[in-house]
Amino acid sequence: MNLLATATLAVSMLPLSALADDKLQISRAGSRPVNAAPAQNFTGAVRVEMLHTPTGPARASAGTVSFTPGARTAWHTHPLGQTLVVIAGTGRVQMWDGAIENIQVGDVVHIPPHVKHWHGAAPTTAMAHIAITEAQDGKAVDWLEPVSDAQYGLPPPVANAPTAPSRAQSLFGDVAPKLAELTDQVLFADVWARPGLSRRDRSLATVSALIAMNRPEQLRSHMALARANGMTQEELVETLTHLAFYAGWPSAITAAGVAREVFAKP
Ligand code: MN
């Protein structure tokens, strides 16, 4: 056997994992897919971005899980436990037979092996955590039953109580019920609740777009919402003044008229 053939044989006998693991791997920000969490194991809108999936003999995975307000996992256990690092918002975690614990940005939670538990957002605030989980025999989680509203801490629904229609439902739910449902469930319960931007910053972006497009009808309700989300009158006036140079004088004048109406309301 010549030298080249010997060398080729030696390389081909190396375990595959040794070849794969000797390279530095960098997964760049923004390059990883973000997927909806499976509905059978979660309540509410939850998104998962896997940060690391183990290969070869390694068994620790890491993923970012983002919960909209009220969203949570089902009850479940992990064969080797789990560590949660809260990176946005405030949420809740509970072990079976334990009290509901509040968790917030910077908190690190360790779930012991085989202990039944759930984790998720608080009822009115979103929460995101990084979950680090080790698999045993290829399995990292055993899913159980959903966390009921009563277990989650929501008050029981009052029998026969009429539920207040959302703003979208009352504005156009009669003529376009699907659009009202999408507005409530996708736009407000999901996009507006995502932890990547504060509600104030989302209001600034939305108000700016509506000023630029000269949409006084939608601007009226979004200026009011912006004030509820922490923008001051002075900041809204500064925004429309700034946009006069980018969106055009007429759009800014229209926005000033809307602002006068909105500011006149308590
Ligand atoms: Mn868990």
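Structure: see above.
Remember, predicted model here, so these are calculated numbers, not experimental data.

S.K.: Residue-level account of unusual backbone geometry, with values.
M.R.: Unlike most non-glycine residues, H114 shows phi in positive territory, near 65°. A relative accessible area of 59% places H114 in the exposed class. Its identity as a non-glycine residue notwithstanding, D137 has a phi of 50°, on the positive side. Mapped onto the elements of the fold, D137 is located in the loop between β11 (127-134) and β12 (142-143).

S.K.: I'd like a description of the coordination of the manganese ion, backed by residues and values.
M.R.: Metal coordination angles in their ideal form are 109.5 degrees for the four-donor tetrahedron and 90 or 180 degrees for the six-donor octahedron. Distances from the manganese ion to its protein donors, namely H76 (NE2), H78 (NE2), Q82 (OE1), H117 (NE2) and H119 (NE2), fall within the range 2.1 to 2.2 Å. Of note, the donors binding the manganese ion are all from one chain and are spaced H-x1-H-x3-Q-x34-H-x1-H. With a gap of 37 residues between them, Q82 in strand β7 (residues 82-95) and H119 in strand β10 (residues 117-121) connect regions that are remote in the sequence. Looking at Q82, the relative accessible area reads 5%, which means it is buried.

S.K.: Lay out the pattern of salt bridges in plain terms, naming residues and giving numbers.
M.R.: Across all of its chains, the model carries 11 salt bridges by this definition. Note that R200 and E235 form a salt bridge whose closest N and O atoms lie 3.2 Å from each other. Of this pair, R200 sits in helix α6 (residues 199-212) while E235 is found in helix α8 (residues 233-247), placing the two residues 35 residues apart along the sequence. Across the pair E217 and R220 runs a salt bridge whose closest N-O atoms are separated by 3.3 Å. Of the two residues, E217 and R220 both sit in helix α7 (residues 216-228), three residues apart, roughly one turn of that helix. With relative accessibility at 25%, the residue R220 sits in the partly exposed group. Each of R200, D201 and E235 takes part in one network of salt bridges that share partners.

Rules used in this analysis
- Residues numbered from 1 in each chain as written.
- Predicted model: local features only at pLDDT ≥ 70, side-chain atom pairs only at ≥ 80, totals over all residues.
- Heavy atoms only, no water.
- Buried < 20%, exposed > 50% of the residue type's maximum accessible area, 1.4 Å probe, protein only.
- Helix = DSSP H or I, 4+ residues; strand = E, 2+ residues; numbered from the N terminus.
- Donors = N, O, S within 2.8 Å, 3.2 Å for Na, K, Ca; no water.
- Salt bridge = Lys/Arg side-chain N within 4 Å of Asp/Glu carboxyl O.

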